[in-house]
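# Per-entry structural report
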Amino acid sequence: QVQLVESGGGLVQAGGSLRLSCADSGRTSSSYTIGWFRQAPGKEREFVAAIRWNGNTYYGDSVKGRFTISRDDAGNTVYLQMNNLKPEDTAVYYCNRRRTGYSVYSLSLSGDYWGQGTQVTVSS
């Protein structure tokens, strides 16, 4: 049973930082990608960042240079370090686990697992 649990969201002022965590408690295969997506009220889901099992990382254009995705040595927890946050980063952030070989940018695929989401609010 795959279970993804996000944590680390909260309220921060513009220019501040937060670090989100995604704990993957049900790994059944070493070949997977962990990604972060976000969705603001009234807006479509947006790709934020992803890390493949081989360590390759990917970022959405709106967060490049400000966000960094990483993984602990055991591979069970993925982090999203968010710096220089902006009000437009306000959204619910979701952790996603996806089978390897599929595009990291697709907003949803059959077979995906999702966490419950964590709220990030950036005040101006």
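Let us look at the environment of Asp72. Note that Asp72 resides in the loop between strand S7 (67-71) and strand S8 (77-82). A sequence separation of 21 residues divides Asp72 from Tyr93, and the C-alpha atoms of the two residues are 20 Å apart. With near-sequence residues (within four places) excluded, Asp72 lies in contact with Thr77 and Tyr79.

By the element assignment, Arg97 lies in strand S9 (residues 91-99). At 2.7 Å, the side chain of Arg97 and the side chain of Asp24 are in polar contact.

On to the pairing of strand S5 (residues 46-52). Summarising burial for S5: 6 of the 7 residues are buried, a large majority. Bridge count between strand S4 (residues 32-39) and S5: 6 bridges; the pairing is antiparallel. Following the sheet pairing, Arg38 is matched in S5 by Glu46. Taking the residues between adjacent antiparallel strands as the criterion, S4 and S5 are bridged by 6 residues, where Gly42 takes a positive phi near 75°. Two strands pair when backbone bridges link them, and S5 and strand S6 (residues 57-59) are joined in this way by 3 bridges, in the antiparallel orientation. Bridge pairing in S6 places Ala49 opposite Tyr59. Where S5 hands over to S6, the hairpin turn is made up of 4 residues, of which Gly55 adopts a positive phi near 95°.

About the thresholds
Residues numbered from 1 in each chain as written. Predicted model: local features only at pLDDT ≥ 70, side-chain atom pairs only at ≥ 80, totals over all residues. Heavy atoms only, no water. Helix = DSSP H or I, 4+ residues; strand = E, 2+ residues; numbered from the N terminus. Contact = heavy atoms within 4.5 Å. Polar contact = N/O pair within 3.5 Å; in protein donor to acceptor, adjacent residues only side chain to side chain. Buried < 20%, exposed > 50% of the residue type's maximum accessible area, 1.4 Å probe, protein only. Pairing = 2+ DSSP bridges.

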